[in-house]
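Chain by chain, the residues run as shown.
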Amino acid sequence: MTIARTPGEPESPLLEDTIDHRGRPARRSTAGGWRSANFIICFEVAERFAYYGIQANLINYLTGRLGLSMATAAENVNIWTGTGSLLPLVGAFVADSYLGRYPSIVIATFLYILVLILGGLGLLTLSAMLSSPSTYDCQKSNQITSCSPPQLQIILFFFSLYLIPIGQGGHKPCTQAFGADQFDGRNQEESKAKSSFFNWWYFGVSFGTVISYTVLSYIQENLSWGLGFGIPCIVMTAGLLIFLLGNSTYRYSVKKDEKSPFVRIGKVLIGVAKNWRIMPSSVVSQELAAIDGLVENGGQYIIDDVEEAKAVLRLFPIWVTCLGYAIVFAQSSTFFTKQGVTMDRSIGWGIDIPAASLQAFISLSIVIIVPIYDRILVPTAKALTGKPSGITMLQRIGTGMFLSTIAMIVSALVEAKRLETAQEYKLVDMPDATLPMSVWWLLPQYILFGVSDVFTVIGLPEFFYDQVPNEFRSVGIALYLSIFGLGSFLSSFLISAIEKATSGDGHDSWFNDNLNRAHLDYYYWVLAGVSAVGLSLYLYFAKSYIYNKGSIL
């Protein structure tokens, strides 16, 4: 997939602010492009394998080995996931303001491995091996097992668990931005390749995730939690070695000797606050009109800085309206997994598949759909619309948001069917019994999640990377990640609020530990409504969004 030079084309420097590994101006024929991107994608596959090796089965570990209630466990998973998606804002700030993307990746990954993997996952391994369920003080009440693990194990587990997002803070925003940096957005062919890069990036990540969900989930549930938490250490180390092998092929951005982009834009935004009185009614229109006023009245504000501030502010409505999608996104690793535990997971020969492994169908759907999207749908849409990417980035994101709303409707209907089955076979008060309902009933919602990801989760990083100023590219990726971070926190808050509102007074909570008495179907209908409202607001703002000049759309 290497982009070749046109015969006879002079081998001129690619960009003034781009160099190769020897510090010379980078040339298109020897640096960057797919030759470099492939190393970076392989590196990210290893990191995601390590991360999802822990995240996929975390709720079962919390409710099983640590004895937490289902609602509390779901809240903990969401908070942990949210922390890992918000900390990249800090890492991106450091990278774009001081260190640069490549040094930030190397430093953060060494920390990830030496401190968080060998230390953090080592502690996860230790806490998983300290004791077994048989040594806990377990009592049975109403046929629901309640276990109290040693306090030391709980402390070790959560301490090590929260070391991991700290390492991710520097790794996640910079790696994808650095990969996209290998393509020149001002060159027509490489601009198309950059759009394709985001597709194949997520394809690779999803491929690694499929293996993690299936292999590691099986090891954790059937062999050893310690081994299942320990394997990612080795995989992450191998990923770093692959990344370093590509050093001689990368294009490296040169930091300009000028003020931090945050300082420049911050100065403009302070000016906006002073100009706030002379505004139209719309919030976004107010901000943009105030910024234009700075140029008209000003002298002390550089036009480029003002345009950068306007570009950042235009992203705010899109960012906010995608939060509904992020709340829905958080469900697949929590309640979906707990539903699967209660259902018939037999595939014959006495083998039961782990409930957490069903998440692999999200990634498997992505692995199947991405090549179809990139090689068939995009060329077809391009022929119809004339746009390089077939459809605009915002159209792509909106399509995925619509599909996620449908996924929640399907989830609500399937859960209602599961509850009906429990009542029909008089298993409502037997939470440990397997319902005579195949776990494959959950498959459509997992597949819909995967297809929606192809549109929204791939479209969002491309959009934020493309629409922020050049020096904000790591921050652009971090902004996309922060949508899912805040979405996870909002999901946790929503669960907590509903738990308090629906429990007590002799009523069963929607999140009752006995899932046969819970009402996840009601919760899914609420999420479908939240998603629909978010989509409606998104369409309103996306319709009037003005892309940056030179955007590949």
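Residues numbered from 1 in each chain as written. Predicted model: local features only at pLDDT ≥ 70, side-chain atom pairs only at ≥ 80, totals over all residues. Heavy atoms only, no water.

Q: I would appreciate a short explanation of the overall build of the protein chain in the present structure.
A: In terms of regular secondary structure, the protein chain is built from 19 helices and 6 strands. When burial is assessed residue by residue, the protein chain has 56% of its 553 residues classed as buried. Put simply, of all contacts in the protein chain between residues at least 6 apart along the chain, 80% involve residues at least 24 apart. Of the roughly 23,300 Å² of accessible surface on the protein chain, 63% is carried by carbon and sulfur atoms. (Helix = DSSP H or I, 4+ residues; strand = E, 2+ residues; numbered from the N terminus. Buried < 20%, exposed > 50% of the residue type's maximum accessible area, 1.4 Å probe, protein only. Contact = heavy atoms within 4.5 Å. Areas by Shrake-Rupley, 256 points an atom, 1.4 Å probe, with all protein chains shown as cover.)

Q: Mind showing me how you'd approach a nonpolar patch on the surface here?
A: Taken together, the side chains of Val90, Phe93, Val94, Tyr98, Leu99, Ile107 and Leu111 define a hydrophobic patch exposed on the protein surface, amounting to about 630 Å² of accessible area. Note on placement: Val90 falls in helix 4 (residues 88–99). (Patch = residues over 30% accessible without salt bridge, like charges linked within 9 Å, V, L, I, M, F, W, Y side chains within 5 Å. Salt bridge = Lys/Arg side-chain N within 4 Å of Asp/Glu carboxyl O.)

Q: Looking at this structure, I do not really get unusual backbone geometry. What am I missing?
A: Leaving glycine out, the prevailing phi sign among residues is negative, and the prevailing peptide bond configuration is trans. The backbone phi angle of Lys426 is positive, close to 55 degrees, even though this residue is not glycine. With respect to the helices and strands, Lys426 occurs in the loop between helix 16 (393–424) and strand 6 (435–438). By relative accessible area, which is 70% here, Lys426 ends up exposed.

Q: Could you clarify how one ought to interpret the pattern of salt bridges in this entry?
A: One side chain can pair with another of opposite charge once the charged atoms of both are near each other. Counted according to the given criterion, the structure contains 9 salt bridges. For Glu47, the salt bridge goes to Arg48, with nearest N and O atoms at 2.6 Å. Overall, Glu47 belongs to the buried group, its relative accessible area being 0%. Of the charged contacts in the structure, one is a salt bridge between Arg101 and Asp181, with a shortest N-O distance of 2.6 Å. Here the residue Arg101 occupies a position in helix 5 (residues 101–129), and Asp181 occupies one in the loop between helix 6 (151–180) and helix 7 (188–222), the gap between them amounting to 80 residues. Taking the relative accessible area as the measure of exposure, Arg101 reaches 12% and is therefore buried.

Q: Any chance you could explain the environment of Ile219 here in plain terms?
A: Locating Ile219 in the fold gives a position in helix 7. Overall, the relative accessible area of 10% leaves Ile219 in the buried class.

Q: How do you make sense of the environment of Leu443 when you look at a structure like this?
A: Topologically, Leu443 is positioned in helix 17 (residues 443–467). Judged by its relative accessible area of 22%, Leu443 falls in the partly exposed class.

Q: Looking at this model, I keep getting lost on the packing of helix 4 against helix 18 (residues 473–502). Mind explaining?
A: Packing of helix 4 against helix 18 leaves a shortest axis separation of 8 Å and a crossing angle of 175 degrees. Relative to helix 18, helix 4 is oriented roughly antiparallel. Contact residues: helix 4 offers Pro88, Leu89, Ala92, Phe93, Ala95 and Asp96, while helix 18 offers Arg473, Ser474, Val475, Ala478, Leu479, Leu481 and Ser482. Grouping the amino acids of the contact of helix 4 with helix 18 by side-chain chemistry returns 9 nonpolar, 2 polar and 2 charged. (Axes fitted to C-alpha atoms, helices over the stretch in contact; angles between N-to-C directions. Parallel < 35°, antiparallel > 145°, perpendicular 65-115°, else oblique. Nonpolar A, V, L, I, M, F, W, Y, C, P; charged D, E, K, R; others polar.)

Q: I keep staring at the confidence of the model for the protein chain and nothing clicks. Help me out?
A: Any residue range with low pLDDT should be treated as having predicted coordinates unsuitable for detailed reading. On average, the protein chain scores 79 in pLDDT, and the residues at 70 or more come to 79%. Segment residues 132–146: pLDDT under 50, and 25 contacts once partners within four positions in sequence are set aside and those in other chains are kept. Low confidence marks residues 278–286, where pLDDT is under 50. Its contacts with residues over four positions away, or in another chain, come to 9 contacts. (pLDDT = per-residue confidence, 0-100.)

Q: What should I look at first to understand the environment of Leu535 in this one?
A: Structurally, Leu535 can be placed in helix 19 (residues 520–543). Ignoring sequence-local partners within four residues, the contact set of Leu535 consists of Gly398, Met401 and Phe402.

Q: I would appreciate a short explanation of helix 17 in the present structure.
A: The α-helix advances 3.6 residues per turn, and as a result positions three or four apart in sequence lie on the same side. Taking 1.5 Å of rise per residue, 25 residues should cover 36 Å, and helix 17 covers 35 Å from first to last C-alpha, within 8% of that figure. Along helix 17, the helix axis deviates most sharply at Asp453, where the bend reaches about 45 degrees. Here helix 17 lies mainly inside the structure; 21 of its 25 residues are buried. (Expected span 1.5 Å × (residues − 1). Bend = angle between axes of the 7 residues up to and from the residue.)

Q: Would you mind showing me how to read the packing of aromatic side chains here?
A: How two aromatic rings sit relative to each other is given by the distance of their centres and the angle of their planes. Tallied over the full model, the rule gives 38 aromatic pairs. An aromatic cluster of at least three residues, connected via ring pairs, comprises Phe335, Phe336, Tyr446, Phe449, Phe511, Tyr523 and Tyr524. One Lys or Arg, Lys172, reaches over the ring of Tyr51 and ends 5.8 Å from the middle of that ring. Positioned above the aromatic ring of Tyr465, the side-chain terminus of Arg473 is 4.3 Å from the ring centre. (Phe/Tyr/Trp six-rings, centres within 6.5 Å; stacked < 30°, edge-to-face > 60°. Lys NZ or Arg CZ within 6 Å of the ring centre and 35° of its normal.)

Q: Teacher, can you tell me more about the pairing of strand 6 here?
A: Side chains on a regular strand alternate between the two faces of the sheet. Burial along strand 6 is one-sided: Leu435 and Met437 are buried, while Pro436 and Ser438, pointing the other way, are not. As paired elements, strand 5 (residues 343–344) and strand 6 share 2 bridges and run parallel to each other. Within strand 6, the residue paired with Asp344 across the bridge is Ser438. (Pairing = 2+ DSSP bridges.)

Q: What is the right way to read the packing of helix 3 (residues 70–86) against helix 4 from this model?
A: Two quantities define a packed helix pair, namely the angle between the helix axes and the distance between the axes. Direction vectors running N to C along helix 3 and helix 4 enclose 10 degrees, while the axes themselves pass 5 Å from each other. One element, helix 3, and the other, helix 4, form an angle in the roughly parallel class. Mapping the contact onto sequence places Gly84, Ser85 and Leu86 in helix 3 and Pro88, Leu89 and Val90 in helix 4. When the residues that make up the contact of helix 3 with helix 4 are grouped by side-chain class, the tally is 4 nonpolar, 2 polar and no charged.

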